[in-house]
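Next come the chains, spelled out residue by residue.
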Amino acid sequence: MSTPSMPSGGPMSTFANLANRLPSGPGGVPSIPANGLPNPGPTAQVASFDDYPSAQRSVDFLSDNGFPVQQSSIVGTDLRLVENVLGRLTTGRAALAGAASGAWFGVLIGLLVGIFTVSSWWQVLVAAIVIATAWGAIFGAIAHAATGGRRDFSSRTSLLASHYAVNVDAAHAEQARQLLTRLNWQATMTPPDGDGGLTGGPDGRA
């Protein structure tokens, strides 16, 4: 009784032969870059700002005017981590914050359970809020007490940059610069009171 013979070249050759026999898709066999990410084309910087809202407003203006913003990006340089202290945090305030978080969680659980309740769904909602609020206050107080007084303040952490550059596809850089020039012109022609009207001269008279 003869045994079937294996193809020559080992398992890798067998897998390669099977791969060659597989039909390709409508667009052929796609090629994947080495890093697994699409390779963007060359970009050019069209504007630079000192704050992020200005950079965001410029990209939003480009999008509102039909500019292809698919290849645009906002690049922040000189990043720094800023922690703004909001105030003193005591055990009572920690318990109050935990109670507020627990109350929102209780509302969610109460509404979900109330869907399957035939009657008195509002009692289920109230009970869920009360229980979640109490547990939230307890856990908040315990968590703050566990720090041993090493962090008796509340804060908010944010990541800021010194400059924000707006980069777009090099092929559309000139179009982007023209649109941003129009945005800057509109900003300079808007009166300080912010009524949205355009003035005809520096003194504000038409």
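None of these values were measured; they are calculated from a predicted model.

Novice: Explain the nonpolar core to me, please; I cannot follow it from the model alone.
Specialist: In globular proteins that are soluble, nonpolar side chains generally tend to be buried together. Among the nonpolar cores identified, the biggest contains 18 residues, and Val46, Leu62, Phe67, Val166, Val168, Ala176 and Leu180 are the most heavily contacted of them. Of all the elements in the fold, those that place two or more residues in this core are β1 (43–49), α2 (52–64), β5 (163–169) and α5 (173–189). Among the elements that take part in this core, α5 stands out by supplying 5 residues, more than any other. Setting aside residues up to four positions removed in sequence, Leu180 forms contacts with Val46, Ala47, Ser58 and Leu62.

Novice: Could you clarify how one ought to interpret the side chain of Ser58 in this entry?
Specialist: Within the secondary structure layout, Ser58 lies in helix α2. Assessed through its relative accessible area of 1%, Ser58 is described here as buried. Sequence-distant contacts of Ser58, that is, excluding residues within four places in its chain, are made with Phe49, Val166, Leu180 and Leu183.

Novice: Would you explain unusual backbone geometry in this entry?
Specialist: Residues apart from glycine generally show negative phi values, whereas peptide bonds are mostly found in trans. In the Ramachandran plot, Asp78 falls in the positive-phi region, its phi being about 55° despite a non-glycine side chain. By the secondary structure assignment, Asp78 is in the loop between β2 (73–77) and β3 (80–88). Judged by its relative accessible area of 53%, Asp78 falls in the exposed class.

Novice: Explain the packing of helix α3 (residues 91–115) against helix α4 (residues 121–146) to me, please; I cannot follow it from the model alone.
Specialist: Geometrically, a packed helix pair is captured by the angle between its two axes and the distance between the axes. It is the contact of α3 with α4, at a shortest axis distance of 6 Å, that shows an interaxial angle of 150°. Classified by the interaxial angle, the pair formed by α3 and α4 is roughly antiparallel. Crossing of α3 over α4 shows right-handed handedness. Among the residues making up the contact of α3 with α4, the classes are represented as 15 nonpolar, 10 polar and no charged.

Novice: Whenever I open this one, the packing of aromatic side chains confuses me. Can you help?
Specialist: The description of an aromatic ring pair uses the distance of the two centres, along with the angle that the planes make with each other. Using the criterion set out here, one finds 2 aromatic pairs in the structure. Residues Tyr52 and Tyr164 carry aromatic rings whose centres are separated by 5.8 Å and whose planes lie at 65° to one another, so their mutual orientation is edge-to-face. With a gap of 112 residues between them, Tyr52 in helix α2 and Tyr164 in strand β5 connect regions that are remote in the sequence. Ring plane angle 25° and centroid distance 5.5 Å describe the contact between Trp135 and Phe139, whose orientation is recorded as stacked. Of this pair, Trp135 and Phe139 both sit in helix α4, 4 residues apart, which is roughly one turn of the helix. For Trp135, a relative accessible area of 48% translates into the label partly exposed.

Cut-offs applied
- Residues numbered from 1 in each chain as written.
- Predicted model: local features only at pLDDT ≥ 70, side-chain atom pairs only at ≥ 80, totals over all residues.
- Heavy atoms only, no water.
- Core = buried A, V, L, I, M, F, W, Y, C linked by side-chain atoms within 4.5 Å.
- Buried < 20%, exposed > 50% of the residue type's maximum accessible area, 1.4 Å probe, protein only.
- Helix = DSSP H or I, 4+ residues; strand = E, 2+ residues; numbered from the N terminus.
- Contact = heavy atoms within 4.5 Å.
- Axes fitted to C-alpha atoms, helices over the stretch in contact; angles between N-to-C directions.
- Parallel < 35°, antiparallel > 145°, perpendicular 65-115°, else oblique.
- Left-handed = near helix turned anticlockwise from the far one by under 90°.
- Nonpolar A, V, L, I, M, F, W, Y, C, P; charged D, E, K, R; others polar.
- Phe/Tyr/Trp six-rings, centres within 6.5 Å; stacked < 30°, edge-to-face > 60°.

Just distances and angles here, no functional claims.
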